[in-house]
Amino acid sequence: MTLSELKEVTAKGKMPSFVATQIAKWLYDKKVTSFDEMINISKKNREWLSEGYCIGREAPCSHTRSSDGTVKYLFATGNGNTVESVYIPDHDRATLCVSSQVGCKMNCYFCATGRQGFKANLTAAQIMNQILSIPPAPAPGATPMTPLTNIVFMGMGEPLDNLEEVLKVIEILTAPWGMAWSPKRITVSTVGKLPQLKDLLDKTQVHVAVSVHTADPRQRESMMPAQKPFPIQSVMRLLEGYDFSHQRRLSLEYIMWRGVNDDIAHADMLVKLIGKNDCRVNLIRYHAIPGIDLYPCSEERMLMFRNRLNDKGITATIRASRGEDIMAACGMLANTRGNK
Ligand code: SF4
């Protein structure tokens, strides 16, 4: 819950409104898992709270560890559904890739999640639970996990298709009464769902990552049905109206497929699409998914593509791939238990 939602609860329980701030501190700063731990709240009020509400913290039902340190967690979300979150440690940083929906409506051809279809939106509580319930303490004798430094909404689902709940999570993460993170630690990835993208840009300062994958509109429509209602050309024109030259970053995600979108002509189309936008391009190695006739392109090809973008003045990097051995890399998330 956000602070204003907590205030509605305390008003209902006839408590002074400062109790809402105390509850927020217990939930998001101290990260307690029961009302009993909220010791500066009267016993009577704690009892009233526990009769009508729950903290909503649920440990992951399983996890799988990659040889590169990446850990994929499976969370139950009710009705037999599950979602995955991926913890990616990198020296003194650790990023959690969170899911915002069970399945996804966008139906991108290359994506394991899209192939599952849409099951449900996650609530803000279910998204927050992924962030708060990653096991904080290591098993005895194990190396301590690096605390989370970044959150990326790049797991299962299209975050802008569940914007109301995602905005609540961003508020909780960044508000002084919440976790007080800088918005620079948060990235929301999208296929470019309009007009929700404008809402996100206007209401928050988080970084934005747009999944482009090809600048050819017809080819994009064949791979990403979202191109039809939300053409990437319109998305880029909208983004031109925002400042990404200082604190806020815009990145374009580009998965590279052999013989599909990996030649000079595609690089030049991408340059044209970017136009005046201040952004960086992340070139992503494709991870083969059973049943999908797309294949990764060679390292040489990726370097050639990157160099072409660099020569045209665009910052482009080849993103290091993590968690491929546990099906946790980009586009591979599709819970292994199967949703109803
Ligand atoms: S790539 Fe993202 S938007 Fe497309 S189907 Fe997969 S989860 Fe949905």
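Sequence order sets the numbering: in each chain, residues are counted from 1 along the sequence as written. With pLDDT at 70 or above as the cut-off, local features in this predicted model cover only qualifying residues; side-chain atom pairs require 80 or more to be listed or tallied, and sums for whole chains, interfaces and linings still use all residues.

## Comments concerning the overall build of the chain
Segments assigned H or I by DSSP are reported as helices when at least four residues long, segments assigned E as strands when at least two residues long, and all are numbered from the N terminus. A tally of helices and strands in the chain yields eleven helices and twelve strands. Here the globule rule is a power law, 2.2 Å times the number of residues to the power 0.38, and the radius of gyration is based on C-alpha atoms. Here the C-alpha atoms of the chain give a radius of gyration of 21 Å, agreeing with the 20 Å that 2.2 N^0.38 yields for 340 residues. Looking at the chain as a whole, 40% of its 340 residues qualify as buried. Contact between two residues is assigned whenever their backbone-derived C-beta positions fall within 7 Å. Sequence-distant contacts, at least 24 apart, represent 66% of the contacts inside the chain between residues at least 6 apart. Three classes are used. A residue is buried when 20 or more other C-beta atoms lie within 10 Å of its own, exposed when 12 or fewer do, and partly exposed in between, with C-beta atoms placed from the backbone.

## Quick word on the packing of helix α10 (residues 264–274) against helix α11 (residues 299–311)
At a closest axis distance of 9 Å, the pairing of α10 and α11 adopts a crossing angle of 35°. Relative to α11, the crossing made by α10 is right-handed. Contacts between α10 and α11 involve I264, A267, L270 and V271 from the former and F305, R308 and L309 from the latter. Each residue is assigned to one of three groups, with Ala, Val, Leu, Ile, Met, Phe, Trp, Tyr, Cys and Pro labelled nonpolar, Asp, Glu, Lys and Arg labelled charged, and all others, Gly among them, labelled polar. Here the residues of the contact of α10 with α11 sort into six nonpolar, no polar and one charged. The convention used is that axes are lines fitted to C-alpha atoms, helices contributing only their stretch in contact, and that angles between N-to-C directions extend from 0 to 180 degrees. Definitions for this section: a left-handed crossing has its near helix turned counterclockwise from the far helix by less than a right angle. A right-handed crossing has that turn clockwise.

## Describing the packing of helix α1 (residues 3–12) against helix α2 (residues 18–29)
Describing two packed helices takes the angle between their axes plus the distance from one axis to the other. At a minimum axis distance of 8 Å, the contact between α1 and α2 shows a crossing angle of 125°. Relative to α2, α1 is oriented oblique. α1 and α2 meet at a crossing whose hand is right-handed. Contacts from L3, L6, K7 and T10 of α1 reach α2 at V19, A20, T21, I23 and A24. The residue inventory of the contact of α1 with α2, partitioned by class, reads six nonpolar, two polar and one charged. Between 65 and 115 degrees an angle is taken as roughly perpendicular, under 35 as roughly parallel, over 145 as roughly antiparallel, and anywhere else as oblique.

## Quick word on the pairing of strand β8 (residues 186–190)
Two strands pair when backbone bridges link them, and strand β7 (residues 150–153) and β8 are joined in this way by three bridges, in the parallel orientation. Paired with F153 across the two strands is V188, which belongs to β8. Once you follow β7 into helix α6 (residues 163–174) and on to β8, the crossover reads as right-handed. Direction of pairing for β8 relative to strand β9 (residues 207–211): parallel, over a ladder of four bridges. Residue pairing for β9: S189 is matched across the bridge by A209. One crossover worth recording links β8 to the parallel β9 by way of helix α7 (residues 196–203), and it is right-handed. Any two strands are treated as partners once DSSP identifies two or more bridges connecting them. By convention, a crossover is right-handed whenever its connection, traced from the first strand over the helix to the second and viewed with the strands pointing away, goes clockwise.

## Details of the domain arrangement of the chain
A common way to report how large an interface is uses the accessible area buried once the components associate. The domain architecture assigned to the chain consists of domain 1 (3–52) and domain 2 (62–326). Computed over C-alpha atoms, the centres of domain 1 and domain 2 are 34 Å apart. Opposite the five residues of domain 1 that make contact, domain 2 presents six residues. No other element matches α2, which puts three residues into the side of domain 1 that touches domain 2. The domain boundaries here were taken from an automatic or database domain assignment.

## Brief notes about the confidence of the model for the chain
Note that predicted coordinates carrying low pLDDT should not be read in detail. Along the chain, pLDDT gives the predictor's confidence residue by residue, from 0 to 100. Here the chain shows a mean pLDDT of 93. Residues at 70 or above account for 94%. Below pLDDT 50 for its whole length, residues 336–340 participates in twelve contacts with residues either more than four positions away or in separate chains.

## Structural notes on the sheet that holds strand β10 (residues 250–256)
Across the sheet, which stays open at both edges, the ten strands sit in the order β1-β2-β3-β4-β7-β8-β9-β10-β11-β12 with mixed pairing between neighbours. Strands with a single pairing partner mark the edges of an open sheet, and in this sheet they are β1 (62–65) and β12 (315–319). With strand direction ignored, the average angle separating the axes of adjacent strands in the sheet is 20°.

## Points about α7
Listed in full, the buried residues belonging to α7 are Q196, L197 and L200. The buried residues of α7 occupy an angular sector of 105° when the element is viewed end-on, so they sit on one face. The elements touched by buried residues of α7 are α6, β8 and α9 (232–239). This arc is built from the directions going out from the helix axis to the C-beta atoms.

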